[in-house]
There are 2 protein chains.
Amino acid sequence: MLEEIRSRRSIRKFTAAEVDDQTIDTIIEMGTWAPSGLNNQPWKFVVVKEKEMLNKLSQQTVYAHIIKNAPVCIAVFLDNKASYNREKDIQAIGACIQNMLLAIHHLGLGGVWLGEILKNRKQVEKLLEVPDGVELMAVISLGHPAEKTGKGNRKLLDQVIIGRKWRV
Amino acid sequence: MLEEIRSRRSIRKFTAAEVDDQTIDTIIEMGTWAPSGLNNQPWKFVVVKEKEMLNKLSQQTVYAHIIKNAPVCIAVFLDNKASYNREKDIQAIGACIQNMLLAIHHLGLGGVWLGEILKNRKQVEKLLEVPDGVELMAVISLGHPAEKTGKGNRKLLDQVIIGRKWRV
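Quick notes on the rules
Residues numbered from 1 in each chain as written. Chains lettered and ligands numbered in written order. Predicted model: local features only at pLDDT ≥ 70, side-chain atom pairs only at ≥ 80, totals over all residues. Heavy atoms only, no water. Core = buried A, V, L, I, M, F, W, Y, C linked by side-chain atoms within 4.5 Å. Buried < 20%, exposed > 50% of the residue type's maximum accessible area, 1.4 Å probe, protein only. Contact = heavy atoms within 4.5 Å. Pairing = 2+ DSSP bridges. Helix = DSSP H or I, 4+ residues; strand = E, 2+ residues; numbered from the N terminus. Axes fitted to C-alpha atoms, helices over the stretch in contact; angles between N-to-C directions. Buried area = accessible area lost by both parts, 1.4 Å probe. Salt bridge = Lys/Arg side-chain N within 4 Å of Asp/Glu carboxyl O. Polar contact = N/O pair within 3.5 Å; in protein donor to acceptor, adjacent residues only side chain to side chain. Nonpolar A, V, L, I, M, F, W, Y, C, P; charged D, E, K, R; others polar. Parallel < 35°, antiparallel > 145°, perpendicular 65-115°, else oblique. Left-handed = near helix turned anticlockwise from the far one by under 90°. Least-squares fit on C-alpha atoms with pLDDT ≥ 70 in both.

Asks: When you look at the nonpolar core in this model, what are you seeing that I'm missing?
Replies: The tendency in soluble globular proteins is for nonpolar side chains to be buried side by side. By size, the foremost hydrophobic cluster in this structure holds 59 residues, and its most contacted members are F45, I74 and M100 of chain A together with I28, F45, I74 and M100 of chain B. Excluding residues within four positions of it along the chain, I74 of chain A makes contact with I24, I27, I28, F45, V46, M100, A138, V139, I140 and L142 of chain A.

Asks: So what exactly am I meant to see when it comes to the sheet that holds strand β3 (residues 110-114) of chain A here?
Replies: Within a sheet, adjacent strands bond to each other through the backbone by hydrogen bonds, running parallel or antiparallel. Spatial ordering of the open sheet is given by β3(A)-β4(A)-β2(A)-β1(A)-β5(B), a layout of five strands whose pairing is mixed. Looking at the sheet topology across the chains shown, the edges are occupied by β3 of chain A together with β5 (161-165) of chain B. Within this sheet the neighbouring strands show an average axis-to-axis angle of 20°, counted without direction. Sheet analysis places β3 of chain A next to strand β4 (residues 134-143) of chain A, joined by five bridges and oriented antiparallel. For G110 of chain A, the partnering residue across the bridge sits in β4 of chain A and is G143 of chain A. Seen against the sheet, helix α2 (residues 21-32) of chain A touches β1 (43-48), β2 (72-79) and β4 of chain A together with β5 of chain B and runs at an angle of roughly 165° to β1 of chain A. On top of the sheet, helix α5 (residues 86-106) of chain A reaches β1, β2, β3 and β4 of chain A; it is set at about 15° to β4 of chain A, its chief contact.

Asks: What's the story with the interface of chain A and chain B in this structure? I'm lost.
Replies: A common way to express how large an interface is: the accessible area buried when the components associate. Counting from both sides, the interface comprises 79 residues of chain A and, opposite them, 79 residues of chain B. Carbon and sulfur atoms make up 60% of the surface buried where chain A meets chain B, a total of about 7000 Å² over both sides. At the boundary of chain A and chain B, one finds eight salt bridges. In this structure, the salt-bridge partner of R6 of chain A is E29 of chain B, at a minimum N-O distance of 2.7 Å. Scanning the region where chain A abuts chain B turns up 40 residue pairs in polar contact (both at pLDDT 80 or more). Breaking the side of chain A that touches chain B down by element, the ones donating at least two residues are α1 (2-7), α2, β1, α3 (51-58), α5, β4, α7 (157-160) and β5 (161-165) of chain A. With 15 residues, the single largest contributor to the side of chain A that touches chain B is α5 of chain A. For the side of chain A that touches chain B, the class distribution of residues is 40 nonpolar, 15 polar and 24 charged. Strand direction decides the pairing type here: β5 of chain A and strand β1 (residues 43-48) of chain B, joined by four bridges, are parallel. Pairing of R164 of chain A across the sheet is with V47 of chain B, part of β1 of chain B.

Asks: Sorry, what's going on with the pattern of salt bridges here?
Replies: Residue and element names in this part refer to chain B. Throughout the structure, instances matching the rule amount to 24 salt bridges over all chains. Between E3 and R6 there is a salt bridge, with its nearest N and O atoms 3.1 Å apart. With E3 and R6 both in helix α1 (residues 2-7) and three residues apart, this pair spans about one turn of that helix. Residue classification places R6 among the partly exposed positions, given a relative accessible area of 24%.

Asks: Would you explain the sheet that holds strand β4 (residues 134-143) of chain B in this entry?
Replies: Judged by pairing direction, the sheet is mixed, and its five strands sit side by side in the order β5(A)-β1(B)-β2(B)-β4(B)-β3(B) without closing on themselves. Every interior strand has two partners, whereas the edge strands, β5 of chain A together with β3 (110-114) of chain B, have only one. Geometrically, the sheet is characterised by an average inter-axis angle of 20° between neighbouring strands, direction not taken into account. Seen against the sheet, helix α2 (residues 21-32) of chain B touches β5 of chain A together with β1, β2 (72-79) and β4 of chain B and runs at an angle of roughly 165° to β1 of chain B.

Asks: In this structure, what is going on with the packing of α2 of chain A against α5 of chain A? I would like to understand it.
Replies: Between two packed helices, the angle of one axis relative to the other and the distance separating the axes together describe the packing. Residues and elements named next belong to chain A. One way to put it is that α2 packs onto α5 with a least axis distance of 7 Å and a crossing angle of 140°. Looking at the two axes, α2 sits oblique to α5. Crossing of α2 over α5 shows right-handed handedness. Where α2 approaches α5, its residues I27, I28, M30 and G31 are matched on the opposing element by C96, N99, M100, A103 and I104. For the contact of α2 with α5, the class distribution of residues is seven nonpolar, two polar and no charged.

Asks: Help me out: how do you make sense of the relation of the copies chain A and chain B in this one?
Replies: Between the two copies of the chain lies a rotation about an axis combined with a shift along it. For these two chains of identical sequence, chain A goes onto chain B by a turn of 180° and a shift of 0.0 Å along the axis, with RMSD 0.0 Å. As the rotation angle and translation indicate, the two copies are arranged about a two-fold axis. Taken as a fraction of all interface residues of chain A, those also at the interface in chain B reach 100%, which identifies the copy contact as same-surface.

In structure tokens, the structure reads:
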């Protein structure tokens, strides 16, 4: 598993091959196994496979080409009715998305977490006809990979661990 | 990996056994492999193993007993100097924490994501002597599990997938 966590990369180009419905459900199920504060599970999902809808969705972001050419997009929402603390709930949504991205990678598929589309949050919510209070957090585009990925750049541990209080 | 995502649970009781430094570094490294917007990697970490410091930290939360009896806590921060969009950065922090929790589980350890302590964010930041703008997001307590875990309750997929726009 550690090697899969290390080797996951954003995939933005996909082949024309479909992703079957069972697989999509498995990916979303993995998202739901994330922890959340008070186990409130504040996430909601809309699955988009319809070509016309993907085209409309794509118009809401500068990354239109990614959405238009993906066989599936999963829009991830925060359900404000289930929310108990906005910051903690948004962290939980991030954990949920990460589980989905890891599952996508594990299943030999590729995906990318799109956030730029949030600038048109309201339009996307209207387009996907979600209930009031269900707020767009991200869109994940996924499919069968049609690109090779790089090494990935990360800061060194010494740059991110800013304190060590050791047992004396 | 999917089975490990499914079987991860919060562990709140730990044996007295230490967690070695190499393992702690591996867990944090896994956190850093999370994606972030513009790859800004907005996370910072402080590792606490010192008994006296764990006691002081524990006083900042009603879950004092968990922190006091854990061999290690990792405090996770948002570095506001690296931040480009607060909501997206907080999602990235959630993804980072989830990677760490999965790594902890995979390594046969147990951990719990503590958020209640955020009510005393400023005191914790002062206690752990982090620079200005480095903001507490969560504390993860971890160690060798000393409790069995349950099945876990999650909503059914039909309750969280609120729309399906299928390809026609």
